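This is what each chain is made of:
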Amino acid sequence: MSDLGRLLAPSSIAIAGLSADHTKHGRRVLGHLQKLGFAGPVYGVNPGLPEVVGVEMVASLRDLETPPDLVVSAVPATATVPVVESAAGVGGVVVFAGGFGESGDVGRAHEADLRSAASDTGVRLLGPNSGGVIRPGLGLAASFLTCLDRPTEEIRSGRVGLVTQSGGTGSYIHNLAAARGAGLAISVSTGNEVDIKLGEAIGAVAQLEEVDVLLVVMETVRDGEAFIESVRGCHQRGKPVVVCRIGTGSLGQRMMRSHTGAMALPGRVVDGVLRHLGVTVAATPEEAYEVAQTVAELGPHGSRAGIVTHSGGVAILLADLADEGVDLPAPGPNLSAAVEPLLDHGVVANPLDMGGIIGGPGRFAEVVQAFADSGDFDVVVAVSTAHPPAHTSERVESLVSMRTDVPVLQLWMAGDQGDEGLRRLRDAAVPVSTEPRAAIKALGVNAPTPSDERMPPLASEFSDWGLPLIDESIAHDREAAVNLAESVGFPVVVKLVSSEVDHKTDAGGVRLDLRSADEVRVAFEEVIASADAAGLEVSGVSVSRFRPGLELIVGGHIDRVFGPVVSVGFGGIATEVIGDISFAPAPATHDEARAMIEGLRLRPLLDGVRGQAPADIDALARILVQVSRGIAGGRYAELEINPLIWDGEWIAVDVLAVER
């Protein structure tokens, strides 16, 4: 395991700030540890040496003969630094207190002191503002969260590992699990992340044997490159990652010289990173937990899903929800022949609407069994909508007793009349969900296989990367520009050449579709005049063939969190107004580049419209890969091809390269 092993699996615990007052955090932690049956010694640390039954009290951590694996700091912010300073040799400290970086200048000063204390002692620190660590299988409840006030039998272990930056949201998810009759393998609340950050915590939790699925509640990412590597590590272990993002509004952006860099709002970059890591994103903590728990119950499966219901409206709803990411193949001829006599309406499809169930309540399970045995599907969803309560018992019995080669998910949409059936399904430990969107989303979740295609960064000159650069020449006077235009062939483009301007259009430095020598002369004068008015030093103008076509922007920049990222979007209003741009970590593989392109909202334009030739998407992906390798090479802070034009072939019309 990582060096968080002692913190996540301690054999001994000390509670700093332990008192006899049952309302205080320290005493609550002791009660939770005793309730869950933590097997190791627990010590109390308090200079006042209050009497706490069954616990050895010391005035300082230094008074303990052997440093404990875990220290729970249940003292105020002003007393936290001395606790950490006395924690040399300890495996980790969980800091509950608030009043640090989130609370102004004084709090930020406390946080800086806390960071220094952790660094000086070499102790790992979780928090501050941490909700702690809960690992029911070990009786570990180093937490004050109210979810631990539940009856002991409701605080169960499970197969979902939770890493959250919000302790309160973590408590809520523990309650969701308890209400579902399930539990969490572990929960880790990282808080302000003075030391242990989100990515490292994910990596450590992924190493636990009892964890099959990672659930992450994320407000921000402070360790972007570690986060990326940890998620890839989860997938290498075959453990999918489900993320609920909170606080997705943009609080600002870094000013950059490239258009694509300027549009790299934090939310867009995070969305791109998550999408191209193969992370499943849920809208709310409840949906995220439902997806993660359903994935854990289903286990690995292929992408072909079959759906059986007895409601036409629900069949339509599920088909809508499955539109992206879930494959719903049509039933094969053998299955169709077997199922058709069992249907009220006799229409075999996927999703399958059985209509009114004929032949008794067991008929539903009979059709589900046929779907599961057909070989047409890798997973089957049996959707029980509202039905006569008298039928519930036989229905549940027939569903629970089924034996199939593929997993079957029970989507129970029967309302409160079916509560007893839902309870019996969960008691039988079959995969079951009550939320259609979460259930369908769970069908599409599998740990992606990390690509071994990843290419090394490019460190060479930009012009050596094999990009399709437009042929242009420089003219230093008006008649030279005319001569170049006549040799290139009309129509042409005239652009300002100046080391002092990045975006020539913004400086009035571009004239398009010039069709005569006179138009070139006028364009030359106008471009030079615009530059003079702006006080720019001018080297001349460039002249190139005018090539109208479909415009895209391909770029790369160094993100302050994730490091090198690459982006692609449609040019002009599509990128700047509607934000049709996709981001991914760099360097990107060819498959990742294609996925970025496929994710653009205006992607159908690449198929050709109004008689235009379809664009070469593989060639576009190769260009994207080259730019991604270039930004990852370390030499450049920003790269941009704007525009990259398709007019039967790809051509880079204007290129910006900003060295670091």
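Once that is clear, we can look at unusual backbone geometry. Note the cis peptide between Gly127 and Pro128, where omega equals 0°. Of note, Pro128 is situated in the loop between strand 6 (125–126) and strand 7 (132–135). Of note, the amide linkage connecting Ala586 to Pro587 takes the cis form, showing an omega dihedral of 0°. Among the structural elements, Pro587 can be located in the loop between strand 25 (581–585) and helix 20 (590–598). For Leu49, which is not glycine, the phi torsion reads 50° and is therefore positive. Tracing the sequence through the fold places Leu49 in the loop between strand 2 (42–45) and strand 3 (56–58). According to the relative accessible area criterion, Leu49 is partly exposed, its value standing at 48%.

Leu33, Met218, Phe227 and Phe562 are the most contacted members of the largest nonpolar core, which has 64 residues in total. Looking at this core element by element, the count peaks at 6 residues for helix 6 (residues 198–206). Dropping the residues within four chain positions of it, Phe227 is found in contact with Leu198, Gly199, Ile202, Met218, Val221, Leu274, Leu277 and Phe562. Listed in part, the 37 residues of the second largest apolar core include Phe570, Ala584, Ala615 and Ala621.

Moving on, we come to the pairing of strand 25. Burial analysis of strand 25 places 5 of its 5 residues in the buried class, which makes it a mostly covered element. The alternating pattern of strand 25 places Ile581, Phe583 and Pro585 and Ser582 and Ala584 on opposite faces, both of which are buried. Looking at chain direction, strand 24 (residues 563–570) and strand 25 are connected through 5 bridges and run antiparallel. Opposite Gly569, over in strand 25, you have Ile581 as the bridge partner.

Once that is clear, we can look at the sheet that holds strand 4 (residues 70–73). Strand order in the open sheet made by the 6 strands is 3-2-1-4-5-6, with parallel pairing throughout. What marks the edges here is a single partner per strand, and that holds for strand 3 and strand 6. Here strand 1 (residues 13–16) pairs with strand 4 via 4 bridges, running parallel. Its bridge partner being in strand 4, Ala16 is matched across the sheet by Ser73. Helix-sheet contacts for helix 3 (residues 77–85) involve strand 1, strand 4, strand 5 (92–95) and strand 6, and the interaxial angle to strand 4 is about 165°.

Moving on: the pattern of salt bridges. Tallied over the entire structure, the rule returns 38 salt bridges. Measuring nitrogen to oxygen at the nearest pair gives 2.8 Å for the salt bridge that ties Asp3 to Arg124. Taken together, the residues span a long stretch of sequence, with Asp3 in the segment before helix 1 (5–8) and Arg124 in the loop between helix 4 (105–121) and strand 6 at a distance of 121 residues. Of the charged contacts in the structure, one is a salt bridge between Arg150 and Glu154, with a shortest N-O distance of 2.9 Å. The structure contains a network of salt bridges with shared partners spanning Arg478, Glu479, Asp518, Arg521 and Glu525.

All right, on to the sheet that holds strand 21 (residues 510–514) then. With antiparallel pairing, 4 strands are arranged side by side in an open sheet as 19-22-20-21. Edge positions in the open sheet fall to strand 19 (472–475) and strand 21, since each of these has one partner strand only. Going from strand to strand, the sheet's axes swing by 25° on average, the running direction of each strand aside. In the sheet, strand 20 (residues 492–497) pairs with strand 21 via 3 bridges, with the strands oriented antiparallel. By the bridge assignment for strand 21, Val492 is matched with Leu514. Packed on one face of the sheet, helix 17 (residues 478–488) meets strand 19, strand 20 and strand 22 (540–545) and runs near 15° to strand 22. Along the sheet, helix 18 (residues 517–533) contacts strand 19, strand 20, strand 21 and strand 22; its crossing angle with strand 21, the most-contacted strand, is approximately 170°.

Reading the values: the criteria
- In this convention, every chain numbers its residues from 1, walking through the sequence in written order.
- Only residues with pLDDT of at least 70 are given local features in this predicted model, and only at 80 or more are side-chain atom pairs given and counted; all residues enter the totals for whole chains, interfaces and linings.
- Processing note: side-chain calculations cover all non-hydrogen atoms of the structure and skip hydrogens and water entirely.
- Only runs of H or I of at least four residues qualify as helices and only runs of E of at least two qualify as strands under DSSP, and these elements are numbered from the N terminus.
- Three exposure classes are used, based on accessible area relative to the maximum for each residue type with a 1.4 Å probe and protein chains only: buried under 20%, partly exposed in between, and exposed over 50%.
- Grouping buried Ala, Val, Leu, Ile, Met, Phe, Trp, Tyr and Cys residues that are joined through side-chain atoms within 4.5 Å yields what is termed a nonpolar core.
- In what follows, a contact means two residues having at least one pair of non-hydrogen atoms within 4.5 Å.
- At least two DSSP bridges between two strands are needed for those strands to be called paired.
- What counts as an axis is a line fitted to C-alpha atoms, over the stretch in contact for a helix, and the angles between N-to-C directions run from 0 to 180 degrees.
- We define a salt bridge as a side-chain nitrogen of Lys or Arg found within 4 Å of a carboxyl oxygen belonging to Asp or Glu.

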